[in-house]
Amino acid sequence: MASLGSEEWKAICDKFTNAQNLTDVESRNDPENDPFRSKYKAREILREIHCSLKSFEVSDGEEDSGAEGGDQRPTGQPVDGLLEELFERGFSGDSPAGQRTARLAAVEYYLGVNHVDTEELSAGQEHLMNCMKLLERCRVTTESVSLFIHVRNQLGILWAGRDETEMAQGFLETAESIYLRYMKEDGSPPTDLVEYFTTNEKMLTHQERGKKFELAYTHTMYYLAQVYKNLGQTERAATYCHSTLQRQLQLNQFSPMEWALNAATLSQYYITKGYYMEGRHCLSAATVISALAGEAPSEAAAQESEIESERRDQLRQKRAEIARCWIKYCLNLLQDAKKVLQDNIGELDTDLQEDLKRKRRLEEEEEEKVRKSALRFGSEDTFDSIASLEEKVSCLLPLDFTEARNIFLVGQNNVTQAKEYFQMDGYVTDHIEILQDHSALFRALAFFEEDVERRCKMHKRRVDMLETICIELNAQYYLMVRRQLMFELAETYNEMMDLKLTLANRQADTQSLDNHTIKKFNHLCSASAKYYQMFLDSLCSPEGKFPEHLEEEVLRPTLVARFRLARLHSRLICSIPLTQLDNLSKSLENYKYVVQYCEAHPDAAATVETELELSKEMAGLLPLKINRLKARMAANN
């Protein structure tokens, strides 16, 4: 800027530094009743800078006529030729006119961010669009590329905040395209925004410039990840999220706990897709990086301030949330293995098991090498720690009890850690969800256990952890949770009953079961029936009337509960004919309910196809059995 004297220019630079200090530092201490005081002061200073720059515009002797009338698209969305225009048209960044225009655009940018920060979004948008219009006079060069990207990032955030996701997408994808083309054609560390108002002796180093520019693009990727997620493009969102996390580590620009929680959250996407190596990597990195936040201060620390207490609580909570993500990893890995290995009656297919073991030995080493090279998180300080933690947890589907137990134990250790924070007192729903996951871990592990007695004991552990809570929970406030627990307890007792019968059949014929075994079998049968009935009773109105129409969320569970109750009543072992008759009548009543409800509501049939088919069959057979029993009873009287 030739017409600006060195003293005048220094004064402008000092004003800019003051405005930055007010925005970034002083604003943190603004009172609650005047939260934007410092930012309003910064705004006035930025306006003064803008006026100073405008006053020298004419005296520069540079006419703008040749650069007017550039692309005026308000959306910033990529269209044919837009990128070419940005790189080929307009002032050069190092020309006097280019410098003046870029500086005016930068002030508009900072005024836009200032207004957005003070929740004046329309004014903020106006200033940011003014910045865009000024930049249309300039080519994308080393001197301007950073500002081109920053302003589109801010407009992307602004439109995303208004739920205008496609508008946000346009700005952010253009910012990404600008970065990629610049890095391909030039790649040198570009001028940073603060350098527009910095004297020569205070210019940034090449390294500082490069880091700030890469951070701006990292923000572009972060915001694009959110946009793609909101557009339902989950795989693309996950890719951008993964890249963002990796770049944050490389640039050493991250908050350890926030980064760790984001990585743990990303792991859940990979887990649902069956990408267990990627999920394990994210969780291992989350665990290692969260340790960089330090230890949570002791609760008994002397004179703990409110801020320290809050920080301690946040650290404990976030680590407990990461532990819960580990639980889901272990649980899903075990459950997916069960789906692969079970036969058509839900038992372990040993032939398939051996076949998969042979295939694994041939494939696993090569596959691990290929996939590991694609996604490594970490820096020099953390890479080895992350890899070491990964080695302690398998990412392959377990094929036998030993492999399954190792995964189970990792999950159980994380259950203990999660429960330490999410205790029943204060976190009822979270605590119960963790218990349900713990129960599910036992259930998944039991599938791999060949010893029937030990399988029974695993299911008994599930009952022990859920039964007391189910009974004690307030039915009014936790109705849905209680229903889940009732249903799970009913299923668990049902599984135990089947296992006890299997064990007894191995030892003797059913006809010669000893009294102890019969008593145990009937106890499990009755306990299962009790919880199915409790579930059904919870659907009744205050007057005790069962609903004529079942809501969608309880339709299948209700019909299944009726079907299982019918089966349980018919399986009770009893030598007293009158009790036998009562049990068979209850069984028939429940089978008929399933059939009649599906006849009255044809759409319901699709949710319980197998149960409906068996119910129809039993509803036809049981009356014959009941009549034969009645005839015997009459003959004996």
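Values in this document were obtained by computation on a predicted structure and should not be read as measured data.

Q: Tell me about the overall build of the protein, residues and numbers included.
A: Within the protein one finds 22 helices and 0 strands. In the protein, which comprises 637 residues, the share counted as buried stands at 48%. Roughly 32,700 Å² of accessible area belongs to the protein as shown, and the carbon and sulfur atoms make up 48% of that amount.

Q: Account for the pattern of salt bridges, with residues named and values stated.
A: Inspection of the entire model under this criterion finds 32 salt bridges. D355 is the salt-bridge partner of R358, the closest N and O atoms lying 3.5 Å from each other. Pair noted here: R358 and D355 are both in helix α13 (residues 350-372), with a separation of 3 residues, about one helical turn. Residue classification places R358 among the partly exposed residues on the basis of a relative accessible area of 47%. Salt-bridge contacts for R564 lead to E491; the nearest nitrogen and oxygen are separated by 3.7 Å. Here R564, found in helix α20 (residues 552-571), pairs with E491, found in helix α18 (residues 479-507); they are 73 residues apart in sequence, far enough to count as distant. A single salt-bridge network, built from bridges that share partners, covers R443, R462, E488 and E495.

Q: Outline helix α4 (residues 96-117), listing residues and values.
A: Between its first and last C-alpha, α4 extends 32 Å over 22 residues, near the 32 Å set by a 1.5 Å rise per residue. Of all 22 residues making up α4, 18 are buried, and the element is well covered by its neighbours. Just downstream of α4 lies E119, where phi reads positive at about 70 degrees.

Q: Please give an account of the side chain of R43 that cites residues and values.
A: If you trace the backbone, R43 turns up in helix α2 (residues 37-55). Judged by relative accessible area, R43 falls into the buried class, the value being 6%. Not counting residues up to four positions away in its chain, the partners in contact with R43 are L111, N114, H115, T118 and E120.

Rules of the game
- Residues numbered from 1 in each chain as written.
- Predicted model: local features only at pLDDT ≥ 70, side-chain atom pairs only at ≥ 80, totals over all residues.
- Heavy atoms only, no water.
- Helix = DSSP H or I, 4+ residues; strand = E, 2+ residues; numbered from the N terminus.
- Buried < 20%, exposed > 50% of the residue type's maximum accessible area, 1.4 Å probe, protein only.
- Areas by Shrake-Rupley, 256 points an atom, 1.4 Å probe, with all protein chains shown as cover.
- Salt bridge = Lys/Arg side-chain N within 4 Å of Asp/Glu carboxyl O.
- Expected span 1.5 Å × (residues − 1).
- Contact = heavy atoms within 4.5 Å.

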